Amino acid sequence: MPMLEKLMAKELPSPNYRRLFYPGVSVLLLILMFLGFRQFYLYGKAYPGRELAPPIRTLLILHGIGMTSWMVLFVAQPLLILAGNRRVHRLLGRIGAGLAAVMVVLSFRLGIESTLLSPPDLRIWGLASKQFLAVPIISILIFSGFVILGVSKRRQPEVHRSMMLLATLAVMSAAVSRIDFLNSLYQGTIWEAVFGPFFTTLAIGALFLAVKWLPTRSLNPWLVWGYGGLVLSDALIMQLATTGVWDLFATFLLQ
């Protein structure tokens, strides 16, 4: 019997391992965000070292403060659960919901203003500036959808955590696509053509799924289907951006 108990103990995942997954993931994403926007944090400049455009400088700073606040909350929330402080977790959750709403407004405005300032011949990830507008606009809508679902399922912890992770992944490409070393690994491949700036973030998301699956050989269906939806939607963004439908909608937004 003692030998059997030892074998079973080896097969079962440690409770601490499961509890540390979301804190670990959140810290890693915070580090990636800092690396992607290091020019902004360290020197107050835009990627890859340009000065912040004066007409939208204030908007850029506000957006940076808002997204940084979201990431700090994203790290703090699972740590509070780990420490057993659910009361503060719930309080910060309400603040986070309000912050998410602010981020949607700021992101919409910044995407539009940045496009209006862009040179007509500028191409980003193979897309003209008006086409690339689809990336921030639709990404922030996906972010808001995951946040709304996560808030509505806040009494179901595993669903809630999964949705908040997916919401953060939905907007992480803005930072990750500015880490040149990571992007150089797939530029010029089919993955760039299909997923553009989203591929590295999606690959990181797949790694998270693998890490979560390994100890138990099972996954939360909400996390799996949500991630699948994120992969599909990111691929569709790149395809939609070059269509006449998006051109009409983008023209409406820019007016």
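Residues numbered from 1 in each chain as written. Predicted model: local features only at pLDDT ≥ 70, side-chain atom pairs only at ≥ 80, totals over all residues. Heavy atoms only, no water.

Draft legend 1. Focus on a positive patch on the surface. There is a patch of like positive charges on the surface, built from R19, R86, R87, R90, R94, R154 and R155. Considering each element in turn, the positive patch owes the most residues, four residues, to helix α5 (residues 86–117). With respect to the element layout, R19 can be found in helix α2 (residues 15–36). By relative accessible area, which is 44% here, R19 ends up partly exposed. (Patch = residues over 30% accessible without salt bridge, like charges linked within 9 Å, V, L, I, M, F, W, Y side chains within 5 Å. Areas by Shrake-Rupley, 256 points an atom, 1.4 Å probe, with all protein chains shown as cover. Salt bridge = Lys/Arg side-chain N within 4 Å of Asp/Glu carboxyl O. Lys, Arg positive; Asp, Glu negative; His and termini not counted. Charge placed at Lys NZ, Arg CZ, Asp CG, Glu CD. Helix = DSSP H or I, 4+ residues; strand = E, 2+ residues; numbered from the N terminus. Buried < 20%, exposed > 50% of the residue type's maximum accessible area, 1.4 Å probe, protein only.)

Draft legend 2. Representation of the packing of helix α7 (residues 134–152) against helix α12 (residues 221–240) within the structure. At a minimum axis distance of 10 Å, the contact between α7 and α12 shows a crossing angle of 160°. It follows that α7 is roughly antiparallel to α12 by the angle criterion. Here the hand of the crossing between α7 and α12 comes out right-handed. Counted together, A134, V135, I138, S139, I142, F146 and L149 of α7 and W222, G226, L230, S233, D234, I237, M238 and L240 of α12 form the full contact between these two elements. A class-by-class count of the residues in the contact of α7 with α12 yields 11 nonpolar, three polar and one charged. (Axes fitted to C-alpha atoms, helices over the stretch in contact; angles between N-to-C directions. Parallel < 35°, antiparallel > 145°, perpendicular 65-115°, else oblique. Left-handed = near helix turned anticlockwise from the far one by under 90°. Contact = heavy atoms within 4.5 Å. Nonpolar A, V, L, I, M, F, W, Y, C, P; charged D, E, K, R; others polar.)

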